[in-house]
Amino acid sequence: DAGVTQSPTHLIKTRGQQVTLRCSPKSGHDTVSWYQQALGQGPQFIFQYYEEEERQRGNFPDRFSGHQFPNYSSELNVNALLLGDSALYLCASRSNTGLLPLHFGNGTRLTVT
Amino acid sequence: AQSVAQPEDQVNVAEGNPLTVKCTYSVSGNPYLFWYVQYPNRGLQFLLKYITGDNLVKGSYGFEAEFNKSQTSFHLKKPSALVSDSALYFCAVRVIDRGSTLGRLYFGRGTQLTVWP
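In this text the structure is predicted, and so the values were computed from the model without any measurement.

Student: So what's going on with the overall build of chain A? Which residues, and what values?
Tutor: Check the secondary structure of chain A and you find zero helices and eleven strands. Listed by position from the N terminus, the elements making up chain A come as β-β-β-β-β-β-β-β-β-β-β. Its C-alpha atoms give chain A principal-axis dimensions of about 40 × 25 × 25 Å. Here chain A holds 113 residues, and the buried ones make up 51% of them. Contacts spanning at least 24 positions in sequence make up 52% of the contacts within chain A whose residues lie at least 6 apart. Accessible surface for chain A amounts to roughly 5,200 Å². Of this, 48% is attributable to carbon and sulfur atoms.

Student: Give me the pairing of strand S11 (residues 108-112) of chain A: which residues, what numbers.
Tutor: Residues and elements named next belong to chain A. Taking every second residue as pointing to the same face, the buried face of S11 carries Thr 108, Leu 110 and Val 112, while none of Arg 109 and Thr 111 on the other face is buried. As defined by bridge partners, strand S2 (residues 10-13) adjoins S11 across four bridges and the pair is classed as parallel. Residue pairing across strands places Lys 13 opposite Val 112, the latter belonging to S11. The pairing of strand S9 (residues 87-94) with S11 spans three bridges and is antiparallel. Across the sheet, the residue bridging to Ala 87 is Leu 110, located in S11.

Student: Would you mind going over the pairing of strand S5 (residues 44-50) of chain A in detail, with residue names and values included?
Tutor: Residues and elements named next belong to chain A. With respect to burial, S5 is a largely interior element, six of its seven residues being buried. Across six bridges, the pairing between strand S4 (residues 31-37) and S5 is antiparallel. For Thr 31, the partnering residue across the bridge sits in S5 and is Tyr 50. With antiparallel pairing between neighbouring strands as the criterion, S4 and S5 make up a hairpin whose turn holds six residues, including Gly 40 at a positive phi of roughly 80°. Note that S5 and strand S6 (residues 53-57) share four bridges and pair antiparallel. Note on S6: the bridge partner recorded for Phe 47 is Arg 57. Adjacent in sequence and paired antiparallel, S5 and S6 are bridged by two residues, among which Glu 51 carries a positive phi angle near 50°.

Student: So what about the interface of chain A and chain B? Which residues, and what values?
Tutor: Counting residues at the interface gives 21 residues for chain A, matched by 21 residues for chain B. Approximately 1,800 Å² of surface area, both sides summed, lies buried where chain A meets chain B, with 57% of it carried by carbon and sulfur atoms. Across the contact surface, chain A and chain B share zero salt bridges. Linking chain A to chain B there are six residue pairs in polar contact (both at pLDDT 80 or more). Residue assignment for the side of chain A that touches chain B shows that the elements contributing at least two residues are S4, S5, S6 and S9 of chain A. Class assignment for the residues of the side of chain A that touches chain B results in ten nonpolar, nine polar and two charged.

So, how was this worked out
- Residues numbered from 1 in each chain as written.
- Chains lettered and ligands numbered in written order.
- Predicted model: local features only at pLDDT ≥ 70, side-chain atom pairs only at ≥ 80, totals over all residues.
- Heavy atoms only, no water.
- Helix = DSSP H or I, 4+ residues; strand = E, 2+ residues; numbered from the N terminus.
- Buried < 20%, exposed > 50% of the residue type's maximum accessible area, 1.4 Å probe, protein only.
- Contact = heavy atoms within 4.5 Å.
- Areas by Shrake-Rupley, 256 points an atom, 1.4 Å probe, with all protein chains shown as cover.
- Pairing = 2+ DSSP bridges.
- Buried area = accessible area lost by both parts, 1.4 Å probe.
- Salt bridge = Lys/Arg side-chain N within 4 Å of Asp/Glu carboxyl O.
- Polar contact = N/O pair within 3.5 Å; in protein donor to acceptor, adjacent residues only side chain to side chain.
- Nonpolar A, V, L, I, M, F, W, Y, C, P; charged D, E, K, R; others polar.

Right under this line is the structure:
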């Protein structure tokens, strides 16, 4: 039973560029969340998707957007990259009908130069 | 406003000794509390949760946590530490924002646990 998978594992981009990160949830899960973990910090909630709609959003600018597909997989897009966007981006999934916990992927390490 | 505090950035213990990683929280309503562990260059692994019931919660890898409502604490404990327990530990609380029925997790800053041989 595959857990949460994320791709790519590492990414290097230049300021001003755009990036897309991908996530496949754990089998049986239909709700996907994205978190940003800056160096030395705890993960911070970006947004959550259920039934292909953004249901909840944290305190992140509109440069951060996402999408959920019918197979429950998800993408995180970041436009106009800033140096401060360098972080580990974590995808987490759960079943909307079940109790937490969230199951996390290993993350995508984004470096903006 | 909801918050989670992990007052110690670092905890160092000798192998075989008991360990405690501290967490205090502030949340409206009944708290749903979690502990996660993160190894280098990896995602977060779930250790245990408190939803309701017994104040002492047992989790993975021999870890347990004690929920104390009066002190608003949820400290992580293990009776005998292993070198392999060395990792970054995060306490988290579920938050339900106004207008939403879905929860999200609010994490502390993390505590680096080092167990030396």
